[in-house]
Amino acid sequence: MSLIELDRVTTIFGKAPREALARLRQGADKKTLLDETGHVVGLHDVSLSIEAGEIFVIMGLSGSGKSTLVRHINRLVDPTDGEVRIDGTNILSLSRAELIRLRRKRITMVFQRFGLLPHRQVIENVAYGLAIHGVPKKERLARAREWIERVSLSGYETHYPDQLSGGMQQRVGLARALAADTDIILMDEAFSALDPLIRSELQDEVVNLQRSTGKTVVFITHDLDEALRLADRIAVLRDGALVQVGTPADILLKPADAYVESFVRNVNRARALTVETLMKPPALRLTAESIGEALAAMRRMRTDVGYVVDDGRFAGVVTKDVLERAANEQGRTTAASEVAEHLPSATTACAIETVLPALLEHQHPIPIVDERGDFAGVLRPEDVGEMLGSDSPSKEEEQAESPAEALKHAQPAA
Ligand SMILES: Nc1ncnc2c1ncn2[C@@H]1O[C@H](COP(=O)(O)OP(=O)(O)O)[C@@H](O)[C@H]1O
Ligand SMILES: [Mg+2]
């Protein structure tokens, strides 16, 4: 069971939505329905699941139904047909009291225009949600102060919203949502009104805060770059219908149709994708073995390269040649880690772009470690070449470069 589930949700705006629904079921499209009945399709048969603790991004052109979708989660909009579940409970069946509880305890929303109270100080704005919850004044001010610090606004507690820049006002909006201490945060185009630089700062902030709090964030944007920076998963909407749900890598490398492809066409994939998305398990992982044992393992696995791992940590690369030479000079019982070469390694979270220079120089797989320094896998030049060279499936073959060519042409960032 997922935290949030939309199950075959169709939502039609207009006077007689159920009649319009029947027309839709008979095959009328959004435009026909509007032209002939004056009804607007908000969502059309949308089913999706959002997991606890993920940043789930909803993307699509203006009017595609993003806001409508997210408003179902706190029941600002109810579907014409279908179910919306939180923790398995159909929230359409909640009593009034239960709905109020859901909205206060589980869900907060961050708005595009910040939604701050203009005549209240920053600290009062942040504490506002807690006041509604009946948290005593002393405690709510203390908690508000803590979140103000977390979003780097210490010193501005007694300022008024209009004394702050847009970016700072949205930090207040973020602090307010976090202080309310709900497990779900909905953000509808929350950064769209901000300058690009401020915007990317706040994107990083959201990722960091989400990772440290484990909250579930449902984030709406029409901007693919923003989606790629933030998302664990992305849902793409078109005319109220769900076109694709997937990881950033799925969306970039396997766009479901021409609409999704039009979003991703000009994205620099090496910048947008992390090493983790293309990483492969290594052919041979050698765990604290002697040179003799390592050579035997290589023969068994029919490979000339091994990755030495010592206590989980990546300790270097060995080739058959190096091991054979070392066996003659130092003896077969010497630890393989002693003769391992320390190739440049990269971490799983690096953009592929940052590894391009090393890949070009070495032309063989680059070892990858996770954030704790443990060996996680290898990044192979051929896989990176293929990613850079392959256009999305619907493009013509004639444009494709060979993977090796593509790797050579890829310009790493200075
Ligand atoms: N309350 C409403 N009444 C009538 N039509 C609406 C209402 N809310 C949204 N719509 C329509 O539903 C469609 C989806 O809108 P919306 O969810 O706001 O899209 P987005 O957020 O992706 O820009 C649009 O065609 C919009 O005009
Ligand atoms: Mg919207």
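Just so it is clear, the model here is predicted, and its values are computed rather than measured.

Draft legend 1. Representation of the overall build of the protein chain in the model. Helix and strand counts for the protein chain come out as 19 helices and 16 strands. Dimensions of the protein chain, computed from C-alpha atoms along their principal axes, come out at roughly 85 × 60 × 40 Å. Taking the intrachain contacts of the protein chain between residues at least 6 apart in sequence as the baseline, contacts between residues at least 24 apart amount to 63%.

Draft legend 2. Structural context of the packing of helix 5 (residues 122-132) against helix 6 (residues 137-150). Running from amino to carboxyl end, helix 5 crosses helix 6 at an angle of 120°, the nearest separation of the two axes being 8 Å. Classified by the angle between their axes, helix 5 and helix 6 sit oblique to one another. The way helix 5 lies across helix 6 gives a crossing that is right-handed. Mapping the contact onto sequence places Val122, Ile123, Val126, Ala127, Leu130 and Ala131 in helix 5 and Arg140, Leu141, Arg143, Ala144, Arg145, Trp147 and Ile148 in helix 6.

Draft legend 3. Quick peek at the sheet that holds strand 5 (residues 89-90). Taken together, 4 strands build an open sheet; the order of strands is 2-1-4-5 and the sheet is antiparallel. Whereas interior strands pair on both sides, the edge strands pair on one side only; in this sheet they are strand 2 (40-50) and strand 5. By the bridge criterion, 5 bridges tie strand 1 (residues 4-13) to strand 4 (residues 81-86) in an arrangement that is antiparallel. When the bridges of strand 4 are listed, leucine 6 appears paired with valine 84.

Draft legend 4. Quick peek at the domain arrangement of the protein chain. Along its sequence, the protein chain is carved into domain 1 (1-93 + 232-267), domain 2 (103-217) and domain 3 (277-385). Here the C-alpha centre of domain 3 lies 45 Å away from the C-alpha centre of domain 1.

Draft legend 5. Just the sheet that holds strand 11 (residues 285-287), in detail. Strands sit in the order 11-12-13 across an open sheet of 3 strands; the sheet is mixed. Two strands lie at the open edges of the sheet, namely strand 11 and strand 13 (313-319), each paired on one side alone. Across the sheet, the mean angle separating the axes of adjacent strands is 35° when strand polarity is ignored. The strands that helix 14 (residues 291-301) touches are strand 11, strand 12 (305-310) and strand 13; relative to strand 12, the one it contacts most, it runs at about 135°.

Draft legend 6. Main features of the site of ligand 1. Close contacts around ligand 1 come from Phe13, Val40, Gly42, Gly60, Ser62, Gly63, Ser64, Gly65, Lys66, Ser67 and Thr68, and that covers them all. Along the lines of polarity and charge, the residues of the shell around ligand 1 split into 2 nonpolar, 8 polar and 1 charged.

Draft legend 7. Structural detail: helix 14. When we look at burial in helix 14, the residues that qualify are Ile291, Ala294, Leu295 and Met298. Taken down its axis, helix 14 places every buried residue within 100° of arc, on the same side. Looking at the buried side of helix 14, the elements it contacts are strand 11, strand 12, strand 13, helix 15 (320-330) and helix 16 (336-339). Positive backbone phi, approximately 50°, marks arginine 302, located one or two places after helix 14.

Draft legend 8. Quick look at the confidence of the model for the protein chain. Of all residues in the protein chain, 94% have pLDDT values of 70 or greater, and the mean over the chain is 89. The model gives residues 392-400 a pLDDT under 50, and that stretch makes 9 contacts with residues more than four places away or in other chains.

Draft legend 9. Structural view of the environment of lysine 138. Position of lysine 138 relative to the elements: it lies in helix 6. On the basis of neighbour counts, which here come to 8 C-beta atoms within 10 Å, the residue lysine 138 falls in the exposed class.

Draft legend 10. Structural view of unusual backbone geometry. One non-glycine residue with positive phi stands out, namely aspartate 45, at about 55°. By the secondary structure assignment, aspartate 45 is in strand 2. Within the chain, aspartate 311 stands out as a residue other than glycine whose phi angle is a positive 60°. Among the structural elements, aspartate 311 can be located in the loop between strand 12 and strand 13. On the neighbour-count criterion, aspartate 311 (9 C-beta atoms within 10 Å) is exposed.

Procedures and definitions
Residues numbered from 1 in each chain as written. Chains lettered and ligands numbered in written order. Predicted model: local features only at pLDDT ≥ 70, side-chain atom pairs only at ≥ 80, totals over all residues. Helix = DSSP H or I, 4+ residues; strand = E, 2+ residues; numbered from the N terminus. Contact = placed C-beta atoms within 7 Å. Axes fitted to C-alpha atoms, helices over the stretch in contact; angles between N-to-C directions. Parallel < 35°, antiparallel > 145°, perpendicular 65-115°, else oblique. Left-handed = near helix turned anticlockwise from the far one by under 90°. Pairing = 2+ DSSP bridges. Domains from an automatic or database assignment. Near = placed C-beta within 6 Å. Nonpolar A, V, L, I, M, F, W, Y, C, P; charged D, E, K, R; others polar. Buried ≥ 20, exposed ≤ 12 C-beta atoms within 10 Å, placed from the backbone. Arc of directions from axis to C-beta. pLDDT = per-residue confidence, 0-100.

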